[in-house]
Amino acid sequence: MVNVTINGTPLAARDEATILEAAAAAGVSIPTLCYLKGINEIGACRVCVVELEGTDRLVTACNNRVKEGMVIRTNSPRVREARRTNVELILSQHDCYCATCARSGNCSLQSMANDLGILDLPYHRELPYSPWNREFPLIRDFSKCIKCMRCVQVCDRIQGMGIWDVANTGSRTTVDVSLNRKIEDSDCALCGQCITHCPVGALRERDDTERAFAALADPQTVTVVQVAPAVRAAWGESLGIGREQATVKRLVSALRKMGFDYIFDTTFSADLTIMEEGSEFLGRLKTRGDNPLPMFTSCCPGWVRFLKSQYPDLVGQLSTAKSPQQMFGAVAKSYYAKLLGIEPERICCVSVMPCIAKKHEAELPTMNSAGCGHDVDIVLTTREIDRMIRAEHIRAGELGEEEFDAPLGEGSGAGVIFGATGGVMEAALRSAYYLTAGKNPDPDAFRRVRGMDGWKEAAFDLNGTPLKVAVVSGLGNTRRLIEAVQNGKARYDFVEVMACPGGCSGGGGQPILEGEEPAGVRNENLYGLDQSSKIRFSHENSAVLRVYRDYLEKPLSHRAHELLHTDHRLWKMPLSPGAAGRETAEPDRTDW
């Protein structure tokens, strides 16, 4: 420990602690803009400057360590003046039309300017501009970028993708897509981690709320909405509703007030995914000599984009099962349209997802199995549905709870934990054990795949068959796992991959909590819901069993293949610069 004095108060600080950390431990807040612990500690914004006694220059608190005897002033007149000047200079190159910004009210720069009492700018304003494809699921606004480098560092150091880089020099310096590419021509996985770590509104998802409002207003359109498992753990955060109050049933009430005709739970199709993907895995396991292992899960579209762009030669090892979102869309526009007695063309299928890659997935040319256009018409992130709730002036926290509609609203606890890293694997193993042993295991028998570690592995006995599995989240961890498998340093039978650290709970479409990484807390919520669920096995979901009995026949049947499976090779994905030579021949559509 070292002895320091902060704002006149003597205290002992941890050895090697930064001034920022020592101040935080003492309950003293030092504002930051560019700082991300362990990821971006470059002091670029100069907002965290403090004054050291005996030193002429102000120093940045985020990357200077405490020393014995330091006397630190965090908010002296000199510090306040420098901080104010630095923020004013940032604002001179920032689009300050906050009323039209998706981050208004949840913006670090906006809060800081308000705290400093900045009411006008003494500097000439010069806003940068660069064109952007507004149809792409990820939108970048150059006039809002403050060049904090967070997106660059998160993409490089956590996800290992290198999509963003510094462009130009001097006052023209900005952040742009690396290698002088357009975003749609890049190998961006659309994980959205750059969005959730941007302190301002320079990065956001493509807004599709007006399309949803238009569908709701059309009397000829039947609106069917599905809610993803991870959404229930986060939707209340940006609305100021506590976790105990922000139940999924209260979200159902809000959606019904908005005017959606039928409200269903994606945990239904998560259970359907387990029936298909689990059966497929057991089939591959029996014929492992003919089918290379490991089999990779395929429910995360960010991961599928990653694999196609980085390791296209491994695409054949993906499960052919569609994601729960796409399975739901196909079932809604076939089986459910038949139950309603309406033409499937009248159905507008809306998804509420924690993810922006889902927007791209829904638009793929292969996702039209019901034969009436895209199976899923509109994908809204959790942030977008929260904006719609506010736009409708719905006080969601005061609503009563309402149930999902039947029959596609029934889900198991196994389906709920799809939103957490390890959840898909655990759900699959629960049902795979039943399918091989003819009896249920203890629901928590496979809990070793839980937790926030980025790369987990476990070995199980599946009714006499030894099984080695891995669970990985975050694309940087995913790359390391794949390299280990290819180099012979690791061997697995089944691998779950989620592009976002922590799984869908930490998805790029979830509410943004500045300075927090809430995926772990959200995952605990999902596991608690699983624990209290009446049904904890996908194969016990009566709605899923009914769909098989009345329509699909059985897992992996001909109709199930037509509606619930896909060939991931049938659409193009830009290759990463390092994937040259890995290409495989693209099949004709008739190949599957």
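Residues numbered from 1 in each chain as written. Predicted model: local features only at pLDDT ≥ 70, side-chain atom pairs only at ≥ 80, totals over all residues. Heavy atoms only, no water.

### Observations concerning the UniProt feature "domain: 4Fe-4S His(Cys)3-ligated-type" (unreviewed entry) in the protein chain
Working step 1: On the UniProt side, "domain: 4Fe-4S His(Cys)3-ligated-type" (unreviewed entry) is annotated at positions that read residues 78–117 here.
Working step 2: Across residues 78–117 one finds 55% helix and 0% strand; the C-alpha atoms that close the span lie 16 Å apart. (UniProt positions renumbered as here; feature names shortened; annotations may be inferred. Helix = DSSP H or I, 4+ residues; strand = E, 2+ residues; numbered from the N terminus.)

### Some thoughts on the domain arrangement of the protein chain
When the parts come together, some accessible area is lost, and that loss is often what is quoted as the size of the interface.
Working step 1: What the domain assignment lists for the protein chain is domain 1 (2–75), domain 2 (95–206) and domain 3 (208–564).
Working step 2: Put simply, the middle of domain 1 and the middle of domain 3, counted by C-alpha atoms, are 43 Å apart. (Domains from an automatic or database assignment.)

### A closer look at the sheet that holds strand β11 (residues 262–265)
Working step 1: Spatially, β11-β10-β13-β14 is the arrangement adopted by the four strands of the open sheet, whose pairing is parallel. In this open sheet, the two edge strands, each paired with only one partner strand, are β11 and β14 (378–381). Adjacent strand axes in the sheet meet at a mean angle of 25° when their direction is disregarded.
Working step 2: Bridge analysis of strand β10 (residues 222–227) against strand β13 (residues 347–353) gives six bridges, and the strand direction is parallel. Within β13, the residue paired with Val222 across the bridge is Ile347.
Working step 3: The strands that helix α7 (residues 248–258) touches are β10 and β11; relative to β10, the one it contacts most, it runs at about 160°. (Pairing = 2+ DSSP bridges. Axes fitted to C-alpha atoms, helices over the stretch in contact; angles between N-to-C directions. Contact = heavy atoms within 4.5 Å.)

### Examining the pairing of strand β1 (residues 2–6)
Working step 1: Because side chains alternate across β1, one face comprises the buried residues Val2, Val4 and Ile6, and the other comprises Asn3 and Thr5, none of which is buried.
Working step 2: Relative to strand β2 (residues 9–13), β1 runs antiparallel, the two being bridged by five bridges. Looking at the pairing, Val2 lines up with Ala13 of β2.
Working step 3: In this antiparallel pair of consecutive strands, β1 and β2, the connection spans two residues, and Asn7 shows a positive phi of 50°. (Buried < 20%, exposed > 50% of the residue type's maximum accessible area, 1.4 Å probe, protein only.)

### Quick look at the environment of Ile195
Working step 1: Here Ile195 lies in helix α5 (residues 193–196).
Working step 2: Taking relative accessible area as the criterion, Ile195 reaches 1% and is therefore assigned buried.
Working step 3: A sequence separation of 375 residues divides Ile195 from Leu570, and the C-alpha atoms of the two residues are 29 Å apart.
Working step 4: Setting aside residues up to four positions removed in sequence, Ile195 forms contacts with Arg103, Leu138, Leu203, Arg204, Glu205, Ile356, Arg383, Gly508 and Ile512.

### A closer look at helix α16 (residues 519–531)
Working step 1: In a regular helix each residue adds 1.5 Å, so 13 residues correspond to 18 Å; α16 covers 18 Å between its end C-alpha atoms and thus fits that length.
Working step 2: All of the buried residues along α16 are Ala519, Gly520, Arg522, Asn523, Leu526, Tyr527 and Asp530. One side of α16 holds all its buried residues, which, seen down the axis, span an arc of 160°.
Working step 3: Packing partners of the buried residues in α16 comprise α13 (413–416) and α14 (423–437). (Expected span 1.5 Å × (residues − 1). Arc of directions from axis to C-beta.)

### Some points on the nonpolar core
Working step 1: In terms of nonpolar packing, the biggest core is built from 97 residues, with Val87, Leu109, Leu138, Trp164 and Trp303 touching the most fellow members.
Working step 2: With seven residues, the top contributor of residues to this core is α14.
Working step 3: Judged by nonpolar contacts, the second largest core, of 61 residues, contains Ala215, Val252, Ile378 and Val547. (Core = buried A, V, L, I, M, F, W, Y, C linked by side-chain atoms within 4.5 Å.)

### Thoughts on the sheet that holds strand β15 (residues 455–462)
Working step 1: The strand order across the open sheet formed by four strands is β12-β17-β16-β15, and the pairing between neighbours is mixed. Across the chains shown, the open sheet's two edge strands, defined by having one partner strand only, are β12 (295–296) and β15.
Working step 2: Alignment of β15 against strand β16 (residues 465–473), held across eight bridges, turns out to be antiparallel. Considered in β16, the bridge of Asp461 is made with Pro466.

### Considering the side chain of Glu205
Working step 1: Residue position: Glu205 is located in strand β9 (residues 203–205).
Working step 2: Classification of Glu205 as buried rests on a relative accessible area of 2%.
Working step 3: Here the side chain of Glu205 touches Arg383 through a polar contact of 2.8 Å, side chain to side chain.
Working step 4: Separated by 3.1 Å, the side chains of Glu205 and Arg387 make a polar contact.
Working step 5: Apart from the residues within four sequence positions on either side, Glu205 is in contact with Pro137, Ile139, Ile195, Ile356, Lys359, Thr381, Arg383, Glu384 and Arg387. (Polar contact = N/O pair within 3.5 Å; in protein donor to acceptor, adjacent residues only side chain to side chain.)

### Some details on the packing of aromatic side chains
Working step 1: Here the structure, examined in full by the defined rule, presents 11 aromatic pairs.
Working step 2: An angle of 80° between the planes, with centres 5.6 Å apart, marks the rings of Tyr262 and Tyr336 as edge-to-face. One end of the pair, Tyr262, is in strand β11; the other, Tyr336, is in helix α10 (residues 324–340), with 74 residues separating them in the sequence.
Working step 3: Between Tyr335 and Tyr551, the ring centres sit 5.6 Å apart and the planes meet at 50°, which makes this aromatic pair tilted. With Tyr335 in helix α10 and Tyr551 in helix α17 (residues 542–552), this residue pair connects regions lying 216 residues apart in the sequence. Of the two residues examined, Tyr335 and Tyr551, each falls in the buried class. (Phe/Tyr/Trp six-rings, centres within 6.5 Å; stacked < 30°, edge-to-face > 60°.)

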